[in-house]
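Residues per chain are reported as follows:
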Amino acid sequence: EAGVAQSPRYKIIEKRQSVAFWCNPISGHATLYWYQQILGQGPKLLIQFQNNGVVDDSQLPKDRFSAERLKGVDSTLKIQPAKLEDSAVYLCASSLDLYYGYTFGSGTRLTVV
Amino acid sequence: AQRVTQPEKLLSVFKGAPVELKCNYSYSGSPELFWYVQYSRQRLQLLLRHISRESIKGFTADLNKGETSFHLKKPFAQEEDSAMYYCALYVSGGYNKLIFGAGTRLAVHP
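Below is a summary of the structure that appears in this document.

About the thresholds
- Residues numbered from 1 in each chain as written.
- Chains lettered and ligands numbered in written order.
- Predicted model: local features only at pLDDT ≥ 70, side-chain atom pairs only at ≥ 80, totals over all residues.
- Heavy atoms only, no water.
- Helix = DSSP H or I, 4+ residues; strand = E, 2+ residues; numbered from the N terminus.
- Rg over C-alpha atoms; globule rule 2.2 N^0.38 Å.
- Buried < 20%, exposed > 50% of the residue type's maximum accessible area, 1.4 Å probe, protein only.
- Contact = heavy atoms within 4.5 Å.
- Areas by Shrake-Rupley, 256 points an atom, 1.4 Å probe, with all protein chains shown as cover.
- Lys, Arg positive; Asp, Glu negative; His and termini not counted.
- Charge placed at Lys NZ, Arg CZ, Asp CG, Glu CD.
- Disulfide = S-S within 2.5 Å.
- Core = buried A, V, L, I, M, F, W, Y, C linked by side-chain atoms within 4.5 Å.

### Points about the overall build of chain B
So, step 1. A count of helices and strands for chain B gives zero helices and eleven strands.
So, step 2. In sequence order, the secondary structure elements of chain B are arranged as β-β-β-β-β-β-β-β-β-β-β.
So, step 3. Scaling as 2.2 N^0.38, a compact globule of 110 residues should have a C-alpha radius of gyration of about 13 Å, and chain B matches this with 14 Å.
So, step 4. Projected onto its principal axes, the C-alpha positions of chain B cover 45 × 30 × 25 Å.
So, step 5. Within chain B, buried positions represent 45% of all 110 residues.
So, step 6. Taking all contacts inside chain B whose residues are at least 6 apart in sequence as the whole, residues at least 24 apart take part in 58%.
So, step 7. About 5,600 Å² of surface is accessible on chain B, with carbon and sulfur atoms providing 49% of the total.
So, step 8. Separation between the mean location of the 14 positive side-chain charges and that of the 9 negative ones in chain B comes to 7 Å.

Structure follows, in structure tokens:
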């Protein structure tokens, strides 16, 4: 099966600019997750979708972060405006049944300067 | 509170030596745990899960509810085992999700 696709792989922006990340999950996986991984830390859940609905966005900084999942397939995560502390790897994952774990994408490394 | 703790940031061993990567958790429900691995320049991938009681690449992990631990073990380390290892806790009830520890870097020297 094809894996979870993410783009871009790398992005460098200045603070206060906006940026968007894209994720295409494994076909048939209803649940999609966006994680933020800051250097030296483990992945932290930002938002979780079940099909095209948000089921958990309690850790998403909603004043600057937004996410959507159109038609229950692809998803985009946006940051506007970016801050220096947003520098991290943004990971997308999908699962058919979480009981058996996630499949991760390769991530987008964001550097805010 | 739900939490996963990996106390070691770095574990350095020689090839052929035993390896134990520590993981402790805090969770009021019935715990289900996973180990994920990230090799250099590769994506994060599932190594093994507690429910399967499997051995993958020679690694095993036993859930100890009394000590709230899920340590990852391998009797003889190989250089290709060098990677970042993350312990993750499955949290259920409403919004099912994985909570990850901070990770341990395993360096296996020749």
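### Comments concerning the state of the cysteines
Residue and element names in this part refer to chain A.
So, step 1. Applying the stated criterion to the full structure yields two disulfides over all chains.
So, step 2. Two residues, Cys23 and Cys92, share a disulfide whose sulfurs are 1.9 Å apart. An S-S torsion of about -65 degrees defines the bridge between Cys23 and Cys92 as left-handed. Taken together, the residues Cys23 in strand 3 (residues 19–24) and Cys92 in strand 9 (residues 88–95) connect sequence positions 69 residues apart.

### Observations concerning the nonpolar core
So, step 1. By size, the foremost hydrophobic cluster in this structure holds 28 residues, and its most contacted members are B:Leu33, B:Trp35, B:Leu47, B:Leu48, B:Phe70, B:Leu72 and B:Tyr85.
So, step 2. Of all the secondary-structure elements, those providing two or more residues to this core are strand 2 (10–14), strand 3 (19–21), strand 5 (32–38), strand 6 (45–49), strand 7 (60–64), strand 8 (69–74), strand 9 (83–91) and strand 11 (104–109) of chain B.
So, step 3. For this core, the element with the most residues is strand 9 of chain B, which contributes five residues.
So, step 4. Beyond its immediate chain neighbours, meaning those up to four positions away, B:Leu48 contacts B:Phe34, B:Trp35, B:Glu54, B:Ile56, B:Phe59, B:Thr60, B:Ala61, B:Phe70 and B:Leu72.
So, step 5. A:Phe21, A:Phe49, A:Phe65 and A:Ile79 belong to the second largest nonpolar core, which has 21 residues in total.

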